[in-house]
Amino acid sequence: DFLMNKKDREHVPAPGSAPTVPPAKVPAAFICKTISDIHVESGEIKELQNYQRPLLEGSFYRGAGLNVTSGRYTAPFTGLYAFFARLQIDFQEPAPHRDRLGFLHLQLCILSLCQENLSLQQISSFSSSEAAATITLNGVLYIQEGQYVSLFLENRMDSWLVLVKSSDFSGVLLGQ
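Predicted model only: the values in this text are computed from it and were never measured.

(A) Highlighting the overall build of the chain. The secondary structure content of the chain amounts to one helix and 14 strands. For the chain, buried positions account for 37% of its 176 residues. At a minimum sequence separation of 6, the contacts of the chain that also span at least 24 residues come to 74%. For the chain, the exposed surface amounts to about 10,300 Å²; the carbon and sulfur share of it is 54%.

Take a look at the structure:
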């Protein structure tokens with residue numbers, strides 16, 4: 001320390017403190033919302049499509065890769081990506097005098113190959129006469145440059161449902 005001049009000592013953190021490092025720029029990130037209600041029949045598996053990038057305070061889009069029409073996000077870089085989805089569900093009435101029974105299976109799949117590739121998934125069971133629910137999914141996947149991910153909703157309820165407009169899907173590249 002005695003060999004350093006005063007100017008050099010100013011840039012050395014004090015003992016026990018962390019060095020000041022500017023945050024790294026995030027090269028790939030997105031948030032999108034569904035643009036309309038989506039009808040999902042009982043027993044149907046549906047790839048979620050037709051999003052828009054919101055123009056609200058706090059929204060973000062960095063890099064390329066999001067196809068809002070197909071609902072697919074193509075990785076512009078190989079790396080670890082964190083994904084989050086929040087779906088708002090309106091249940092339709094089951095047959096008269098019956099409670100709603102079944103489950104919803106939400107998956108984020110690489111290249112639409114949910115069984116062959118690692119996927120993020122959430123299974124939510126319902127056995128009451130709830131009118132609405134929110135399902136969330138989040139996690140981290142390693143995606144190769146050029147591979148895409150998309151959301152699939154499987155309806156294993158005894159009646160059809162509606163995925164409500166403005167349900168959202170987002171992702172961010174954590175590192176390469």
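(B) Up close: the confidence of the model for the chain. Here the chain averages 87 in pLDDT, while 84% of its residues score no lower than 70. pLDDT under 50 marks residues 1-5. Its contacts with residues more than four places away, or in other chains, come to three contacts.

(C) Region of interest: a nonpolar patch on the surface. A cluster of nonpolar residues, Leu 80, Val 140, Tyr 142 and Leu 174, forms a patch on the protein surface that exposes about 390 Å² of accessible area. Following the sequence through the fold, Tyr 142 ends up in strand S11 (residues 132-143).

(D) Quick look at the pattern of salt bridges. Under the criterion given, the structure shown has five salt bridges. Of the charged contacts, one joins Lys 46 and Glu 44 as a salt bridge, the two residues approaching to 3.7 Å between their closest N and O atoms. Classification of Glu 44 as partly exposed rests on a relative accessible area of 25%. Where Glu 154 meets Arg 156, a salt bridge forms, and the shortest distance between an N and an O atom there is 2.7 Å. Looking at Arg 156, the relative accessible area reads 38%, which means it is partly exposed.

(E) Main features of unusual backbone geometry. One non-glycine residue with positive phi stands out, namely Ser 112, at about 60°. Take Ser 112: it is sitting in the loop between strand S9 (102-110) and strand S10 (120-126). At Ser 166, a residue that is not glycine, the phi angle is positive and equals roughly 80°. By the secondary structure assignment, Ser 166 is in the loop between strand S13 (161-163) and strand S14 (168-175).

(F) Here's a closer look at the side chain of Glu 154. By the secondary structure assignment, Glu 154 is in strand S12 (residues 148-157). Exposure remark for Glu 154: the relative accessible area of 13% places this residue in the buried category. Within polar-contact distance, the side chain of Glu 154 engages the side chain of Arg 156 at 2.7 Å. What Glu 154 contacts, discounting residues up to four positions off in sequence, is Glu 44, Ile 45, Phe 103, Leu 104 and His 105.

(G) Structural detail: the nonpolar core. Judged by nonpolar contacts, the single largest core of 35 residues is most densely connected at Phe 83, Ile 89, Leu 104, Leu 108, Leu 151, Leu 153 and Phe 169. Those residues within four positions of Phe 169 in sequence are excluded, and the remaining contacts are Phe 30, Ile 31, Cys 32, Tyr 51, Gly 71, Phe 83, Phe 84, Ala 85, Leu 108, Val 149 and Leu 151.

(H) Just the environment of Asn 50, in detail. For Asn 50, the position within the fold is in the loop between strand S3 (45-47) and strand S4 (51-52). For the pair formed by Asn 50 and Lys 33, sequence separation is 17 residues and the distance between their alpha carbons is 8.4 Å. Those residues in contact with Asn 50 that sit more than four places away from it in its chain are Lys 33, Thr 34, Ile 35, Val 68 and Thr 69.

(I) The arrangement of the pairing of S11 in detail. Residue alternation in S11 divides its side chains into a buried set, Ala 133, Ile 135, Leu 137, Gly 139, Leu 141 and Ile 143, and an unburied set, Ala 132, Thr 134, Thr 136, Asn 138, Val 140 and Tyr 142. Bridging between strand S8 (residues 79-91) and S11 involves twelve bridges; their strand directions are antiparallel. Directly across from Phe 84, in S11, lies its bridge partner Asn 138.

Procedures and definitions
- Each chain carries its own residue numbering, running from 1 in the direction its sequence is written.
- Residues qualify for local features only when their pLDDT is at least 70, as the model is predicted, and side-chain atom pairs are given and counted only at 80 or more; totals for whole chains, interfaces and linings, by contrast, use all residues.
- Values reported for side chains reflect all heavy atoms of the structure, with hydrogen atoms and water molecules removed beforehand.
- Numbered from the N terminus, helices here are DSSP runs of H or I no shorter than four residues, and strands are runs of E no shorter than two.
- The buried label applies to any residue whose accessible area, calculated with a 1.4 Å probe on protein chains only, is under 20% of its type's maximum; exposed applies above 50%, and partly exposed to all values in between.
- Any two residues whose heavy atoms approach within 4.5 Å are treated as being in contact.
- Computed with the Shrake-Rupley method and a 1.4 Å probe, the accessible areas treat only the protein chains shown as cover for residues.
- Values of pLDDT, the confidence the predictor places in each residue, fall between 0 and 100.
- Patches were defined on residues exceeding 30% relative accessible area and lacking a salt bridge, with like-charge contacts within 9 Å and nonpolar side-chain contacts (Val, Leu, Ile, Met, Phe, Trp, Tyr) within 5 Å.
- Salt-bridge detection follows one rule: a side-chain nitrogen of Lys or Arg within 4 Å of a carboxyl oxygen of Asp or Glu.
- Within 3.5 Å is the distance limit for a polar contact, defined as a pair of N or O atoms, with the added protein rule that one can donate a hydrogen and the other accept it, and that residues adjacent in sequence qualify only through two side-chain atoms.
- By nonpolar core we mean a set of buried residues, namely Ala, Val, Leu, Ile, Met, Phe, Trp, Tyr and Cys, connected to one another through side-chain atoms within 4.5 Å.
- At least two bridges found by DSSP between two strands is the condition for calling them paired.

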